[in-house]
Amino acid sequence: MKTRSIVYAALVAAIIIVLGLMPPLTLPFIPVPITLQSMGIMLAGSLLGKRDGTLSVSVVAILVLLGLPFLAGGRGGWAVLLGPTGGYFFSLASGCFYHWLFK
């Protein structure tokens, strides 16, 4: 893996984290908020491709599981997996990978 690929993956991971700082849009009839991080994940797949984009999103997912509050609303840690957004959290990297396949 080249240094340029690693730097691009880190920059897109930082963009995904910054998009997570934006306040989520919560609707009263669904428990899952609408966030801008979804756009960042699709952006990673579009800009970096399937391998580097998935690496970038996986880095963000690992940092969240370590307890850093990088998800929308300042959430992080293993408790995210037990809430209503747990299924979405598992599909972060695969969403980036499959977005690249179907663009």
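As a starting point, this report considers the structure included with it. (Residues numbered from 1 in each chain as written. Predicted model: local features only at pLDDT ≥ 70, side-chain atom pairs only at ≥ 80, totals over all residues. Heavy atoms only, no water.)

## Remarks on helix α1 (residues 3–20)
For clarity, the cut-off: By definition, any uninterrupted DSSP run of H or I lasting at least four residues is a helix, any uninterrupted run of E lasting at least two residues is a strand, and each is numbered from the N terminus. Take the residue count of a helix, subtract one, and multiply by 1.5 Å to get its expected span. Residues are treated as being in contact if the distance between any of their heavy atoms lies within 4.5 Å.
With 18 residues, α1 extends 26 Å between its outermost C-alpha atoms, agreeing within 8% with the 26 Å of an ideal straight helix rising 1.5 Å per residue. Buried-residue contacts for α1 involve α2 (37–65).

## A few points about the side chain of S56
Mapping S56 onto the fold places it in helix α2. Not counting residues within four places of it along the chain, the set of residues in contact with S56 comprises A9, V12, A13, I16 and L48.

## Some words on the nonpolar core
Note the following rule: Note on terminology: a nonpolar core comprises buried Ala, Val, Leu, Ile, Met, Phe, Trp, Tyr and Cys residues joined through side-chain atoms within 4.5 Å. Think of it in three bands: with a 1.4 Å probe and only protein chains considered, a residue is buried below 20% of the maximum accessible area for its type, exposed above 50%, and partly exposed in between.
Judged by nonpolar contacts, the single largest core of 18 residues is most densely connected at I16, V57 and F89. For this core, the secondary-structure elements that each account for two or more residues are α1, α2 and α4 (92–102). Apart from the residues lying within four places of it in its own chain, the contact partners of F89 are A61, V64, L65, L71, V80 and L81.

## With respect to the side chain of S5
With respect to the secondary-structure elements, S5 resides in helix α1. Not counting the four nearest positions on each side in its chain, S5 is found in contact with R51 and D52.

## What to know about the environment of A61
Tracing the backbone shows A61 in helix α2. Here the alpha-carbon distance between A61 and S5, two residues 56 residues apart in the chain, equals 19 Å. With near-sequence residues (within four places) excluded, A61 lies in contact with F89 and L92.

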